[in-house]
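Residues per chain, in single letters:
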Amino acid sequence: MSTQLPIYDVAIAGAGPAGATAAYFLAKEGKRVALLEKARFPRDKRCGDAWCEPALDILEEMGVLQELVDAGAVQFVRSGGLVSPGGLSFVSPDEGERPSAPRVAAIRRQVCDERIARAAEQAGAELIEDAAVTKVTLDDVWTIRCKDGRGFSARCLIAADGAKSKIARMLGVVTTGATSAASRQYIKGGTHNFTSDGVLLYPPYAIPGYVAFFRHSNGDIDLGCYLLPGGKVPPTKLKELLQSEVVNDPFVREVLGNQAEPLEPPGISPLRLGGEPCTSGERFLAVGDAAGQTDPLTGEGIHTAMIAAKIAARVLHEAFAEGDLSARRLEAYHWAWMSAFGRDFPISAAAGRAVSRFPMLLDTAAMAAQRHGAGFMDNFGAAMTGVKPKSLFLSPRMALPLGAALLRLSLSRRASQYRAGPRVERATGLSFAENALRA
Ligand SMILES: Cc1cc2nc3c(=O)[nH]c(=O)nc-3n(C[C@H](O)[C@H](O)[C@H](O)COP(=O)(O)OP(=O)(O)OC[C@H]3O[C@@H](n4cnc5c(N)ncnc54)[C@H](O)[C@@H]3O)c2cc1C
């Protein structure tokens, strides 16, 4: 160990939502924290920019959400829904704030990530930018080296360096590569036809993945395509899919119209899904995408990263108090995030496989939503966005409407086959709202 290096209680590599949230809560507990970020803020991060309720709760706890709302940077999702593979849609109109609806908001990562990192700084963490961690070694404490030659020393290390998980892989804690991918393209406000806040389109070419539209407070839309495990198209073919099926999709075309002005070409980034089996070690934790804490059914990982970061801070605080930073003690972190949300991941993965095999299940969900309205969608949304466990789908309030819709759909398809008429018509872009109103 070099005695020249400043010694921190915790060094965190990566100041995304995972690293910055961990830094915030550790600093609040009085720990000396170095938050090392390879970029300089404001830095962009490809994302659908959809912040689910558990993330919004933590942003609120940090005082970040109110600041962003005051700055006009938050678009709460009040109208939205889904379009199923068979073309059934449910898109709720904006009825103002409904207490039963799970909160989701579109906030640019470029803005929100910096606000979280600054909140961590205000809480006492040292934010060190342009600090790309390239080498970490553990003797009695960690020595951390950056690309530009700077060095730091810390009693404990958190890898929060995103889906490539370079640090955890370097240490042999994580052994796999990221296996899924998603894209983002911003479209300029006022040049498209999208009037909802958020719509998920499940076309047959992408399921169990989807195409998502989220509208920002300035009217720009974030258009993303998520390829998730179990689909027909492998994530390595996402670029080709964007250039063929997605641009030619009638729904996408109608939403974009002829005047849509892209603000950037579509860009692709990896997703690490489903939770890594090992996320802790001697004086070490992996948090967020570095630990694969992204839902395999939705590709969403901001809120899970932030929940896990809060857990990591609590476990480390307790372990410091006990003077025990051993691998065995820190395993408590792994089991705590597993119990908070990780046990849902196998259910999500199984649901993805089921939807991929039986796309009609999504038609069923859209039909149940058309019949039972926003109340059904609130529960659907709560399970999809981590507010409630995925087992909610098996509860009577979800399973009964879904079962009834499945029966109705099967009967109507059988009848239409019998009459040799058209199957359920695939929705085109703007007609989805009419579908919703007709329902
Ligand atoms: C296209 C796309 C769309 C998505 N859409 C959504 C969505 O709408 N909602 C949602 O909840 N999730 C979404 N996700 C997932 C979400 O982006 C991640 O789960 C989330 O960013 C995880 O946060 P994190 O802090 O773990 O990692 P990141 O946000 O990736 O942050 C990692 C940080 O580490 C830094 N870093 C990397 N290497 C080093 C290094 N060696 N040294 C120092 N710093 C380093 C990076 O610069 C970065 O700031 C999407 C993902 C993709 C790819």
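The structure presented is a predicted model; accordingly, all values stated were derived computationally and were not measured.

## Concerning the overall build of the protein chain
Point 1. Within the protein chain, the secondary structure is distributed over 13 helices and 18 strands.
Point 2. Relative to the compact-globule value of 22 Å for 439 residues, the protein chain shows a C-alpha radius of gyration of 22 Å, a close match.
Point 3. On the principal axes, the C-alpha backbone points of the protein chain span a range of 80 × 40 × 40 Å.
Point 4. When burial is assessed residue by residue, the protein chain has 51% of its 439 residues classed as buried.
Point 5. In the protein chain, of all internal contacts separated by at least 6 residues, the share reaching a separation of at least 24 is 74%.

## Remarks on the nonpolar core
Point 1. In this structure, Ala 11, Ile 12, Ala 22, Leu 35, Val 287 and Ala 312 are the most contacted members of the largest nonpolar core, which totals 134 residues.
Point 2. Considering each element in turn, this core owes the most residues, 12 residues, to helix H11 (residues 360-384).
Point 3. Excluding residues within four positions of it along the chain, Ala 312 makes contact with Ala 22, Ile 158, Leu 285, Val 287 and Tyr 333.

## Some points on the packing of helix H2 (residues 53-62) against helix H8 (residues 302-322)
Point 1. Running from N to C, H2 and H8 point in directions that differ by 50°, and their axes come no closer than 7 Å. Overall, the two elements H2 and H8 adopt an arrangement that is oblique. Crossing angle aside, the handedness with which H2 passes H8 is left-handed. Taking contact as the criterion, the partners of Pro 54, Ala 55 and Ile 58 in H2 are, on H8, Ile 302, His 303, Met 306, Ile 307 and Lys 310.
Point 2. Class assignment of the residues belonging to the contact of H2 with H8 gives a composition of 6 nonpolar, 1 polar and 1 charged.

## Digging into helix H1 (residues 17-28)
Point 1. With 12 residues, H1 should reach 16 Å at 1.5 Å per residue; the first-to-last C-alpha distance of 16 Å fits that figure.
Point 2. In this structure, the buried residues of H1 make contact with strand S1 (7-13), strand S2 (33-36), H2, helix H4 (109-122), strand S11 (151-159) and H8.
Point 3. At the C-terminal side of H1, Gly 30 shows a positive phi close to 85°.

## Considerations on the sheet that holds strand S5 (residues 80-83)
Point 1. Read across the sheet, 7 strands follow the order S6-S5-S13-S14-S15-S12-S16 without closing on themselves; strand pairing throughout is mixed. For this open sheet the edge positions go to strand S6 (89-92) and strand S16 (267-271), each flanked by a neighbour on one side alone. Strand-to-strand twist of the sheet, defined as the mean angle between neighbouring strand axes without regard to direction, takes the value 15°.
Point 2. Set on the sheet, helix H6 (residues 238-248) makes contact with strand S12 (180-187), strand S14 (210-215), strand S15 (221-227) and S16; between it and S15 the angle comes to about 120°.
Point 3. Contacts from H11 reach S5 and S6, with the element oriented near 20° to S6.

## What about the site of the ligand?
Point 1. Taken together, 41 residues are adjacent to the ligand, and Gly 14, Gly 16, Gly 48, Gly 288 and Gly 301 come closest.
Point 2. For the shell around the ligand, the per-class residue count stands at 18 nonpolar, 13 polar and 10 charged.

## A short note on the packing of H1 against H4
Point 1. Close contact between H1 and H4 brings their axes to 8 Å; oriented N to C, the two are set at 20°. Relative to H4, H1 is oriented roughly parallel. For the crossing formed where H1 meets H4, the hand is left-handed. For the pair H1 and H4, the contacting residues are Pro 17, Ala 20, Thr 21, Ala 23, Tyr 24 and Ala 27 in the first and Asp 113, Ile 116, Ala 117, Ala 119 and Ala 120 in the second.

## A few points about the domain arrangement of the protein chain
Point 1. Assigned domains within the protein chain: domain 1 (7-73 + 108-178 + 273-345) and domain 2 (180-271).
Point 2. Summarising the inter-unit geometry, the C-alpha centres of domain 1 and domain 2 are found 28 Å apart.
Point 3. Facing 16 residues of domain 1, the contacting portion of domain 2 comprises 18 residues.
Point 4. A class-by-class count of the residues in the side of domain 1 that touches domain 2 yields 8 nonpolar, 4 polar and 4 charged.

## Here we look at the environment of Gly 48
Point 1. With respect to the helices and strands, the residue Gly 48 is situated in the loop between S2 and strand S3 (50-52).
Point 2. With 24 C-beta atoms packed within 10 Å, Gly 48 lands in the buried category.
Point 3. In this structure the C-alpha to C-alpha distance between Gly 48 and Arg 328, which are 280 residues apart in sequence, comes to 37 Å.
Point 4. When near neighbours in sequence (up to four residues on either side) are disregarded, Gly 48 contacts Arg 184, Ala 212, Phe 214, Asp 222 and Gly 224.

## Quick word on the environment of Arg 353
Point 1. If you trace the backbone, Arg 353 turns up in helix H10 (residues 344-357).
Point 2. Considering only alpha carbons, one finds Arg 353 and Gly 231, 122 residues apart in sequence, at a separation of 8.0 Å.

## Concerning the sheet that holds S3
Point 1. In space, the 3 strands of this open sheet follow the order S3-S7-S4, with antiparallel pairing throughout. Lying at the two open borders of the sheet, with one neighbouring strand each, are S3 and strand S4 (75-76).
Point 2. Note: S4 against strand S7 (residues 104-106), 2 bridges, orientation antiparallel. Counted as the bridge partner of Gln 75 is Ala 106 from S7.
Point 3. Across the sheet, H2 touches S3 and S7, and the angle it forms with S3 is around 80°.

## Things to note about the pairing of S2
Point 1. In S2, alternate side chains face the same way, and those of Val 33 and Leu 35 on one face and Ala 34 and Leu 36 on the other are all buried.
Point 2. Direction of pairing for S1 relative to S2: parallel, over a ladder of 4 bridges. Bridging across to S2, Ala 13 finds its partner in Leu 36.
Point 3. In this view, the connection linking S1 to its parallel neighbour S2 by way of H1 has right-handed handedness.
Point 4. With 3 bridges connecting them, S2 and strand S8 (residues 126-128) associate as parallel partners. Considered in S8, the bridge of Leu 36 is made with Ile 128.

The rules behind each value
Residues numbered from 1 in each chain as written. Predicted model: local features only at pLDDT ≥ 70, side-chain atom pairs only at ≥ 80, totals over all residues. Helix = DSSP H or I, 4+ residues; strand = E, 2+ residues; numbered from the N terminus. Rg over C-alpha atoms; globule rule 2.2 N^0.38 Å. Buried ≥ 20, exposed ≤ 12 C-beta atoms within 10 Å, placed from the backbone. Contact = placed C-beta atoms within 7 Å. Core = buried A, V, L, I, M, F, W, Y, C linked by C-beta atoms within 7 Å. Axes fitted to C-alpha atoms, helices over the stretch in contact; angles between N-to-C directions. Parallel < 35°, antiparallel > 145°, perpendicular 65-115°, else oblique. Left-handed = near helix turned anticlockwise from the far one by under 90°. Nonpolar A, V, L, I, M, F, W, Y, C, P; charged D, E, K, R; others polar. Expected span 1.5 Å × (residues − 1). Pairing = 2+ DSSP bridges. Near = placed C-beta within 6 Å. Domains from an automatic or database assignment. Right-handed = clockwise from strand over helix to strand, strands pointing away.

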